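An overview of the molecular structure
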Amino acid sequence: MKKLNIVVCALLVLGACDFSFNERKKSEVEHEPQTWETARPLQDIYKNDFLMGNIISPRDLGTVRFAILTRHYNTLTAENQMKPDHIAPAAKPSNTNWEYRFTEADRMVNAAIEAKMKVVGHTLVWHSQTPSWLTEGTKQTVLANMEKYIGDVAGHFKDKLIAWDVVNEAFRDGLTSSDVSGGKWENCLRTESGWYKAIGPEYIEKAFLAARTADPNAKRYYNDYNLNSPTKSQAVYNMVIDINVRHSNLIEGIGMQSHHHLGTDPQTVRDSIQKFASLGVEIAISEMDIMAADGGALNMGQWSDSNSKRQAALYAAMFAVFKAHKSNITRVTFWGLDDGTSWRATNYPTLLDKDYNLKPAFFAVTDPNLF
Ligand code: XIL
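First, a word on scope: everything that follows refers to the structure included in this document. Numbers given to residues run from 1 along each chain, matching the order in which its sequence is written. Owing to the predicted nature of the model, reporting of local features is limited to residues with pLDDT of at least 70; listing and counting of side-chain atom pairs is limited to 80 or more, with chain, interface and lining totals taken over all residues. With hydrogens and water excluded, all non-hydrogen atoms of the structure serve as input to the side-chain values.

Here we take up the overall build of the protein. Helix numbers and strand numbers start at the N terminus; a helix is a DSSP run of H or I with at least 4 residues, a strand a run of E with at least 2. Across its full length, the protein carries 13 helices and 9 strands. For the protein, the C-alpha atoms occupy an extent of roughly 105 × 45 × 45 Å along the three principal directions. The 371 residues of the protein split such that 51% are buried. Excluding contacts between residues fewer than 6 apart, the proportion of contacts in the protein whose partners are at least 24 apart in sequence is 74%. To measure how exposed things are, a 1.4 Å probe is used in the Shrake-Rupley method; for residues, cover is taken only from the protein chains shown. Taken as a whole, the protein presents about 16900 Å² of accessible surface, with 52% of it coming from carbon and sulfur. Working definition: with a 1.4 Å probe on protein chains only, accessible area under 20% of the residue-type maximum means buried, over 50% means exposed, and in between means partly exposed. Only heavy atoms matter for contacts: two residues are in contact if any of them lie within 4.5 Å across the pair.

Structure follows, in structure tokens:
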């Protein structure tokens, strides 16, 4: 009996030792500083939910930046190189044989496809980053320019892209509820757009029709910012209903750019997602970032530990909303790999710092429940 007791005690002690050893190992692993190379890829974490995307620029090709992109993301959008001011002839062509500048875009699209990534086209019709000659002339001329540009460019990338942002940022800001009441949307458009000035509101529908003809398999998105605004999202909603009633499934998706800041209320984002989901279209979070410092101008103050924590908490809250609506969301694309090269670098809006260290925001995205 005594012998048995000794054996049991010995086993218990060994078990306890083993237990504490495992615990220690586990906590050491948990606290080991994670890097972009060791952290679980974001694209794996969300593989059953939605695609995870980021932007690509020529500087990324063949560098550590491309390794970060391919590890964590499965979808790429060109930050600038597929916009009309990069692709269209810089000056008005003298004949119908337009000389496009596809070299940079092709390099990026092909590199992404070789890396087995998906590519989104951004963007065909926009008031910005577009050579002015394209929108100069009579209504007939400008419409012909737009249709030719879309036909040639979407035709060039045919079957390589999962989606096109066919029209970008057509609506203006500051819409009131009376602007959007009664299903009206044409009076909510951005009137300084060269396309709008020459063609009128119908340029949007014509652009989507031309995109459908040129590359029927690329999903056709309408893309805009501030779509968590109840009025702006209502205007977009009204447009999608009106156009899709006349042409079934012409607009297939809505891209919510999602350039947020520390003051954004995630409930407003949820409300817009639910509104768009009720249209039966896909939703992409297409250009996400969260500004977290501004030196004071937007009341966010200097970059600090406290801002960093607030930013992480907001990323977590946003991802909790996205996960809850995963059946409607096809993709979440961030607008920037790291704070150093972000278009809003002074606002520290991305998941990685300028040296590619993982910020609290990164961990918030990997596990929103912890925040
Ligand atoms: C931005 C790019 O990030 C900048 O490099 C460029 O100077 C301006 O455009 N909405 C869009 C994107 O649809 O194309 C914009 O990208 C950011 C806002």
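Another aspect to go through is the packing of aromatic side chains. The aromatic pairing rule takes the rings of Phe, Tyr and Trp, using the six-membered ring of Trp, and pairs them if the centres are within 6.5 Å, calling planes under 30 degrees apart stacked, those over 60 edge-to-face and the rest tilted. Taken as a whole, this structure holds 17 aromatic pairs when the rule is applied. Aromatic rings pair up to connect Y46, F50, Y73, Y315, F319, F322 and F334 into one cluster. A cation over an aromatic ring shows up here: K232 above the ring of Y225, its NZ or CZ 3.7 Å from the ring centre. We call a charge positioned above a ring when the Lys NZ or Arg CZ atom is no farther than 6 Å from the ring centre and deviates by at most 35 degrees from the ring normal.

Moving on: the pattern of salt bridges. One side-chain nitrogen of Lys or Arg within 4 Å of one carboxyl oxygen of Asp or Glu is enough to make a salt bridge. Under the defined criterion, the tally for this structure stands at 19 salt bridges. Through salt bridges with shared partners, a single ionic network connects R59, D60, R65, E79 and D338.

Below, the discussion takes up the site of the ligand. Working definition: residue near molecule or strand if any one of its non-hydrogen atoms lies within 4 Å of it. Taken together, 13 residues are adjacent to the ligand, and E79, K83, H122, E287 and W335 come closest. What qualifies as a polar contact is a pair of N or O atoms within 3.5 Å, subject to a donor-acceptor requirement within protein and to the restriction that residues adjacent in sequence count only when both atoms come from side chains. Within the side chain of H122, an N or O atom sits 2.7 Å from an oxygen atom of the ligand. Between the ligand and E169, the relevant distance is 3.1 Å, taken from a nitrogen atom to a side-chain nitrogen or oxygen of the residue. The protein chains hide 77% of the 410 Å² of surface that the ligand would expose on its own. Gly counts as polar in this scheme, as do all residues outside two lists: the nonpolar Ala, Val, Leu, Ile, Met, Phe, Trp, Tyr, Cys and Pro, and the charged Asp, Glu, Lys and Arg. Classifying every residue of the shell around the ligand gives 3 nonpolar, 6 polar and 4 charged.

Summarising the element assignment, H260 is placed in strand β7 (residues 259-261). Beyond its immediate stretch of four places on either side in the chain, H260 contacts N228, V269, M288, D289, I290, M291 and M318.

With that out of the way, let us pick up the side chain of T130. Of note, T130 is situated in the loop between β3 (118-125) and α6 (139-156). The exposure class of T130 is buried, given its relative accessible area of 18%. In this structure the side chain of T130 is engaged in a polar contact, spanning 2.8 Å, whose partner is the backbone oxygen of S128. In this structure, T130 is in contact with P84, D85 and W195, ignoring residues within four places of it in sequence.

This brings us to helix α11 (residues 266-277). For α11, spanning 12 residues, the distance from its first C-alpha to its last is 16 Å, which sits close to the expected 16 Å at 1.5 Å a residue. Every buried residue of α11 is accounted for by P266, V269, S272, I273, K275, F276 and A277. Contact partners of the buried residues in α11: α10 (230-246), β6 (253-256), β7, β8 (282-291), α12 (305-324) and β9 (329-334). Looking at where α11 begins, the residue whose side-chain oxygen comes 2.8 Å from the main-chain nitrogen of Q267 is D265. Given the number of residues in a helix, its expected span is that number minus one, multiplied by 1.5 Å.

Grouped together as the largest cluster of nonpolar side chains are 105 residues, with contacts concentrated most on F319 and F322. At 8 residues, α12 tops the list of elements feeding residues into this core. Not counting chain neighbours up to four residues away, the residues in contact with F319 comprise Y46, F50, M52, M288, V332, F334, V365 and P368. Take the buried Ala, Val, Leu, Ile, Met, Phe, Trp, Tyr and Cys residues and link them wherever side-chain atoms come within 4.5 Å; each set so joined is a nonpolar core.

In strand β2 (residues 75-78), alternate side chains face the same way, and those of T75 and T77 on one face and L76 and A78 on the other are all buried. Direction of pairing for strand β1 (residues 51-56) relative to β2: parallel, over a ladder of 4 bridges. In the strand pairing of β2, I55 is matched with T77. Think of it like this: strands point away, you trace from the first strand over the helix to the second, and a clockwise trace means the crossover is right-handed. Where the polypeptide runs from β1 across helix α3 (residues 64-72) and back to β2, its parallel neighbour, the crossover connection is right-handed. Here, a strand pair is defined by DSSP locating no fewer than two bridges between the strands. Pairing analysis gives 3 bridges linking β2 to β3, with the strands arranged parallel. Within β3, the position partnered with T75 by the bridge is K118.

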